[in-house]
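Structural overview for review
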Amino acid sequence: MNYFDRALVAIALAGALSGLVGTFILLRRRVLLVQALTHATFPGAVVAVLLGLSVQLGALTASIVILGALIMIGRVRPAILQATTGVLLTAGFAVGILLQAMNPEVPLRLDAYLFGSVLASTPVDITVLTGVLLAAATVLVVFGRRIEFYLFDHVGYQVSGMKPWFAELILLSLTVATVVATMPALGALLTISLIAAPAAAAKELTTTLRGMVVVAPILGVTAGILGLLLSRWWGLAAGASVAVVACVVYIVAAITARVRRKA
């Protein structure tokens, strides 16, 4: 398997995973949180490289710390949670840049972290994406009904005696795992496009959660592969091409849905 074949496999897996988990991120209105995670994990990546560890392990550790802080703030001062998320987005990324500037020997390129390097995907990246995708699918098969109940009837979920923290833990775990797994391919800036756009497009095309869970991964895979192929044919940046195609997919879906409603 040459480098481009590996890139195709990696982007297809990333598209499927992003579409699947992105559906729940969108419905839970956590897109801003994902954006904060993709940026604020940069310090963790830098520290991990300094310690001789993997970038993904550093990003995972930083994500857990950030989520812990946000959960505590949300319980104490829920009114400022959204503002705090925005602050963490910028402050975390700034700290990462400062750490890198103080340690110029760190072999972590800022542009690669921001925009990804899908063409440099390794067998390890593919293994991680496959494992997270299988784990996410398994979790959603087992707990899908409970999560659906929680998303669409939060009050009824609590009244029935179920624990909201359990559903939140599942959703947050899936979110972190998806961000960490897909960032090597698309980077901090472009990961959000593949998570949000296919799910938003699926929401325009279907009215049920089950429909979104099927349509969003298909659109994610389509956007990923088509964007990568266009980047090769036209000599464009791979990650940016995927992001643009994902946005176009959403625009086409939105227009199609509007035309269908008027018909």
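Note that this is a predicted model, so its numbers are computed, not measured.

Next up on the list: the pattern of salt bridges. Summed over the entire model, instances satisfying the criterion amount to two salt bridges. With its nearest N and O atoms 2.6 Å apart, the salt bridge here joins glutamate 168 to arginine 28. Residue glutamate 168 is located in helix α9 (residues 164–205), and its partner arginine 28 is located in the loop between α1 (3–27) and α2 (31–40); the two are separated by 140 residues in the primary sequence. Judged by its relative accessible area of 13%, glutamate 168 falls in the buried class. What makes arginine 28 partly exposed here is its relative accessible area of 26%. The partner of glutamate 168 in a salt bridge is arginine 30, and the shortest N-O contact between them spans 2.8 Å.

The phi angle at arginine 29 is positive, at roughly 60°, despite the residue not being glycine. According to the relative accessible area criterion, arginine 29 is exposed, its value standing at 77%.

Turning our eyes to something else, we now look at the packing of aromatic side chains. When we look at a pair of aromatic rings, we describe it by the centre distance and by the angle of the planes. Per the counting criterion, the structure on display carries two aromatic pairs. Centroid distance tyrosine 3 to phenylalanine 4: 6.4 Å. Interplanar angle 80°. Geometry classified as edge-to-face. Of the residues examined, phenylalanine 4 reaches a relative accessible area of 5% and is grouped as buried. With centroids separated by 5.3 Å and ring planes inclined at 75°, the aromatic side chains of phenylalanine 143 and phenylalanine 166 adopt a geometry described as edge-to-face. Pair noted here: phenylalanine 143 is in helix α7 (residues 123–152) and phenylalanine 166 is in helix α9, with a separation of 23 residues, a long-range link. Residue classification places phenylalanine 143 among the partly exposed residues on the basis of a relative accessible area of 26%. On the basis of relative accessibility, which here comes to 24%, the residue phenylalanine 166 falls in the partly exposed class. The ring of phenylalanine 4 carries the charged tip of arginine 232 above its face, separated from the ring centre by 4.1 Å.

Definitions and cut-offs
Residues numbered from 1 in each chain as written. Predicted model: local features only at pLDDT ≥ 70, side-chain atom pairs only at ≥ 80, totals over all residues. Heavy atoms only, no water. Salt bridge = Lys/Arg side-chain N within 4 Å of Asp/Glu carboxyl O. Helix = DSSP H or I, 4+ residues; strand = E, 2+ residues; numbered from the N terminus. Buried < 20%, exposed > 50% of the residue type's maximum accessible area, 1.4 Å probe, protein only. Phe/Tyr/Trp six-rings, centres within 6.5 Å; stacked < 30°, edge-to-face > 60°. Lys NZ or Arg CZ within 6 Å of the ring centre and 35° of its normal.

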